[in-house]
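These are the residues of each chain, in order.
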Amino acid sequence: MDSLRQEKIQKFEEFVDRRLKPDLVRAIAERDKVFDQQKIFSDLRKNIENLEKNSVTNLRTLVNLGSEVYMQAEVPDTQRIFVDIGLGFHVEFTWSEALKFISLREEKLERQIEEYTRLIASIKAQIKLVCEGIRELLQIPEEKTVEGHVF
């Protein structure tokens, strides 16, 4: 194989290993963070709905003080809650206001998940395209896909 072809193959492999794969790992990690946020808001919505359904006016709970150290706490009035809106800010909401905010935030998070999913698919397609280019440069015949079930 001539050195020019070998050089092209090496550049393609480096591009995949140094650029595309780290980009893919980063995009998947960012999407996972958004999934975590989505779960937190979903749990908060369910908790507020349970409080409303059961007409809870006061509450005893355990509060994590840090390092998995908990303390009992009593909430005398549950009609207002503080919600972390990001950047270290917390806003006091009524239950209905919190549910509206959570709905808006969940919509935003869903859009972010869709964007990251599209980005991940794009990066995977680019990796596949570069690998196909390498295969052609190496003159390896294309793999045939098997129809039906593979056991």
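Residues numbered from 1 in each chain as written. Predicted model: local features only at pLDDT ≥ 70, side-chain atom pairs only at ≥ 80, totals over all residues. Heavy atoms only, no water.

Caption draft 1: Local environment of unusual backbone geometry. Positive phi outside glycine occurs at Ser55, with the angle close to 50°. Mapped onto the secondary structure, Ser55 falls in the loop between helix H1 (3-53) and strand E1 (59-66). Phi is positive for Glu68, which is not a glycine, with a value near 60°. Its relative accessible area of 57% is what places Glu68 among the exposed residues. (Helix = DSSP H or I, 4+ residues; strand = E, 2+ residues; numbered from the N terminus. Buried < 20%, exposed > 50% of the residue type's maximum accessible area, 1.4 Å probe, protein only.)

Caption draft 2: Summary view of the nonpolar core. Phe41, Ile48, Ile81, Val83 and Ala98 are the most contacted members of the largest nonpolar core, which totals 15 residues. Looking at this core, the elements with two or more residues in it are H1, strand E3 (80-86) and helix H2 (95-138). For this core, the element with the most residues is H2, which contributes seven residues. Beyond its immediate sequence surroundings of up to four residues, Val83 is in contact with Phe41, Leu44, Phe89, His90, Val91, Phe93, Ala98 and Phe101. Within the second largest apolar cluster, eleven residues are counted, among which are Ile9, Ala27, Ile120 and Ile127. (Core = buried A, V, L, I, M, F, W, Y, C linked by side-chain atoms within 4.5 Å. Contact = heavy atoms within 4.5 Å.)

Caption draft 3: Region of interest: a nonpolar patch on the surface. On the surface, Val63, Leu65, Val69 and Met71 cluster together to form a nonpolar patch covering roughly 360 Å² of accessible area. Those elements giving two or more residues to the nonpolar patch turn out to be E1 and strand E2 (69-75). Along the chain, the position of Leu65 falls in strand E1. The exposure class of Leu65 is exposed, given its relative accessible area of 56%. (Patch = residues over 30% accessible without salt bridge, like charges linked within 9 Å, V, L, I, M, F, W, Y side chains within 5 Å. Areas by Shrake-Rupley, 256 points an atom, 1.4 Å probe, with all protein chains shown as cover. Salt bridge = Lys/Arg side-chain N within 4 Å of Asp/Glu carboxyl O.)

Caption draft 4: Examining the UniProt feature "coiled-coil region" (unreviewed entry) in the chain more closely. As recorded in UniProt, the feature "coiled-coil region" (unreviewed entry) lies at residues 99-126. Between the end C-alpha atoms of residues 99-126 the distance is 40 Å, and the span holds 100% helix and 0% strand. (UniProt positions renumbered as here; feature names shortened; annotations may be inferred.)

Caption draft 5: Local environment of the pattern of salt bridges. Scanning the model with the defined rule gives eleven salt bridges in all. Through salt bridges that share partners, Arg19, Asp23 and Arg26 make up one connected network.

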